[in-house]
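# Tertiary structure, described
Listed below, chain by chain, are the residues.
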Amino acid sequence: MHAYRTHTCGELRKEHVGRTVRLSGWVNRRRDHGGLLFIDLRDHYGITQCVVEPDGKAFAAADQARSEWVLTLTGRVVARTAGTVNEDMPTGEVEIRIEDVSVQSQAQELPLPVFGDLDYPEDTRLKYRFLDLRRERLHRNITLRSRVISTIRRRMISQGFTEFQTPILTASSPEGARDFLVPSRLHPGKFYALPQAPQQFKQLIMVAGFDRYFQIAPCFRDEDARADRSPGEFYQLDLEMSFVTQDDVFAAVEPVLHGTFGEFADGRDCGPANFPHITYQDSMLRYGNDKPDLRNPLVIADVGDVFARDDVAFKAFKDKTVRAIPAPGAGAQPRSWFDKIDGWAKSEMGAAGLGYIVLGDDGGKGPIAKFLPQPALEALVAKCGLKPGDAVFFSADAKTERAAILAGHTRTRIGRDLGLINDKEFRFCWIVDFPMYEWNEDEKRIDFSHNPFSMPQYAREKFLNLDKGDKDTILGLKAYQYDIVCNGIELSSGAIRNHDPEVMLKAFEIAGYAREETEVKFAGMLNAFRYGAPPHGGTAPGIDRIVMLIAGEENLREVTMFPMNQQAQDLMMNAPSEVSAKQLRELHIRTVAPE
RNA sequence: GGGGGCGUAGCUCAGUUGGUUAGAGUGACGGCCUGUCACGCCGUAGGUCGCGGGUUCGAGCCCCGUCGCUCCCGCCA
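The following refers to the structure shown.

The rules we used
- Every chain is numbered on its own, with residues counted from 1 as its sequence reads.
- Chain A is the first chain written and ligand 1 is the first ligand written, with later ones labelled in order.
- Confidence filtering applies because this is a predicted model: local features only for residues at pLDDT of at least 70, side-chain atom pairs given and counted only at 80 or more, and all residues used for totals across whole chains, interfaces and linings.
- To obtain the side-chain values, all non-hydrogen atoms of the structure were included, while hydrogens and water were left out.
- Any residue with a heavy atom positioned within 4 Å of a molecule or strand is treated as near that molecule or strand.
- We call two N or O atoms a polar contact when they sit within 3.5 Å, provided that within protein one can donate a hydrogen and the other can accept it, with sequence-adjacent residues counted only if both atoms are side-chain atoms.
- Helix axes are fitted to C-alpha atoms over the stretch in contact, other axes to C-alpha atoms as well, and angles between N-to-C directions run from 0 to 180 degrees.
- Counting from the N terminus, the helices are the DSSP runs of H or I reaching at least four residues and the strands are the DSSP runs of E reaching at least two.
- By definition, turning the near helix anticlockwise from the far helix through less than a right angle yields a left-handed crossing, and turning it clockwise yields a right-handed one.
- Only heavy atoms enter the contact rule, under which two residues are in contact if any of them lie within 4.5 Å.
- For every residue, the accessible area (1.4 Å probe, protein chains only) is compared with the maximum for its type, and the residue is labelled buried under 20%, exposed over 50%, or partly exposed between those bounds.
- A pair of strands is considered paired only if DSSP assigns at least 2 bridges between the two.

Surrounding RNA strand B, one finds 51 residues, the nearest of these being Asp 32, Arg 97, Pro 121, His 450 and Asn 451. When atoms of RNA strand B within 4 Å of the protein are split into backbone and base, the sugar-phosphate part holds 50%. At 3.2 Å, a backbone N or O of Gly 35 approaches a phosphate oxygen of RNA strand B. Interatomic distance of 2.8 Å between a side-chain N/O atom of Gln 49 and a base oxygen of RNA strand B.

Structure representation (structure tokens):
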């Protein structure tokens, strides 16, 4: 007989009755009846009830065992009598009569119980991650993650993509997020950077003629965390294709994502196989962000012109962008509901507040209703598609973008509050036509608004002839830049790339990088483009976010095996940590305490 | 860097208007129990109420500061 097990804890059924078997696992639960001792033994595969009576020779040893001890139990499989069968367990028709107990490992009193599904504090869960991972929810999520990655690989390969690895130690690049730096021992004062994404490498792979690349790629960005943004590191399904238009990329990615979600949907509706296209501009207006949750039926309307009317005397909204967020049926909500929404906008969103109007059968009610005479109210109702019993909130700001963003948050808040969001569906869309540049008000200059390597949607000759005086034209330029969004989560960002060295130098010049500087910073890629570069493009869906959505979780930590906390610390491994003076000397590094 | 929430037993939480010795469940330990599967019953131990200061006759509760966790804003090509 094997030293540890003949079967797993999830394996035994009626047909095994009579066999002598050996199981190993953790004590999930112990029930002591004095005259009868039950031990539920758990491993990766399941749980099996084991039982021993006081006159059995194994009783004394079994009686010692406590939660989470690791035991090897040997005994005969017996059928449970009618009435003692547990129909909730796959192994519930049988149990093991314990004849021999071998203690492999003991456990101290647990800081985090494995049994049960209570919530525990995040820092405890992170410090004792190995215990949390034993619990059903995380164990299931992490296993799901593996299956999702496995199916993605299979789908990519079957579509003719080839997986390659790219360097982890590379060069820092300007633009984009803050880099993680690694000091060089051999080159004093110089640093490697961990890749924010294998962006340049995958483009070089296209220049190298490999045609269709993908990788489950680790990416590193030193930016502050969010629930859907892990601190430090995350994984992308990085992919790139040669000789493709934007539509070719869409056609390649849609079946992979839609198919993967469908495979694990478990009854949830994944929407159409071809994702609808929404322009960036439309998305900002109608949904108040560039990652709309299309499960939410609310649509924002621009109503600045209503408040600009001569017969409307509400000064606070004059000369401002005003966006209206409908709240269908909210007329039935108590006054406190409206106050709560308004208070939320003030405290959490830093807004001046949200005006609102409730539509009765005989006109509008609410703090600002009196400023709208009947014709203005009718115009508002028509624009927002309101009916009696509905309410409408207003987000107003002198800055259009601020008004739009507040409206977006409000749309989300109201959609959730009113229970309008169906959590049994996935709604995908492409956000297209992102602006190439944006105005940086703080530093009074033009910045790339997204990926600096994207191809502008503008004729080559005209683009090369742009100069500083064409600011309006430049800020109006769109790029072949697109995102995939699912249920309000940005899953993917991609572009048709700029493979023309002259256009690329010009693109950087517009964003304030001298030609010489661009030549140095992107020497490898620019140089490559001068030796025959195919038109190419791609995208990079976030693996962690895909798994999070499929698992129905709201936080990436629930689908990450060993996550860091919001302050980018690993509480289990104690990272980051101090290093020895010798290590620092070797790296030519001296630390300076913050002020 | 800024804002919101939380912090009481190993763990999950309650704790009224500021008022006697800070409670419950769970876990741990001991005892009883032959069919449980969140077993049940009895008992014992377990507390710097995150930390520091203040107000008060009196602070878990009020005020100020600080630390930790978390969510959000900034940031994230």
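Let us keep going from here.
Right, let's talk about the packing of helix 6 (residues 246-263) against helix 17 (residues 543-551) for a bit. Helix packing for two helices is described by the angle between their axes and how far apart those axes are. Packing of helix 6 against helix 17 brings their axes to within 10 Å, and their N-to-C directions diverge by 35 degrees. In the packing of helix 6 onto helix 17, the handedness of the crossing is right-handed. Between helix 6 and helix 17, the contacting residues are Leu 257, Thr 260 and Phe 261 on the first element and Ile 546, Leu 549 and Ile 550 on the second.

Below, the discussion takes up the pairing of strand 4 (residues 70-79). The element strand 4 is extensively covered by neighbouring structure, given that seven of its ten residues are classed as buried. The pairing of strand 1 (residues 20-32) with strand 4 spans seven bridges and is antiparallel. When the sheet's bridge partners are listed, Ser 24 is paired in strand 4 with Thr 72. Bridge analysis of strand 4 against strand 5 (residues 94-105) gives ten bridges, and the strand direction is antiparallel. Residue pairing for strand 5: Leu 71 is matched across the bridge by Val 103.

Here the focus is the sheet that holds strand 12 (residues 301-302). Taken together, five strands build an open sheet; the order of strands is 12-13-16-14-15 and the sheet is antiparallel. Of all the strands in the sheet, just strand 12 and strand 15 (363-365) have a single pairing partner and so form its edges. When strand 13 (residues 321-327) meets strand 16 (residues 391-397), the two strands line up antiparallel, connected through seven bridges. In the strand pairing of strand 16, Ala 324 is matched with Phe 394. On the sheet, helix 10 (residues 374-384) packs against strand 12, strand 13, strand 14 (355-360), strand 15 and strand 16 and is oriented at approximately 95 degrees with respect to strand 14. Running over the sheet, helix 11 (residues 400-417) touches strand 13 and strand 16 and is turned about 10 degrees from strand 13.

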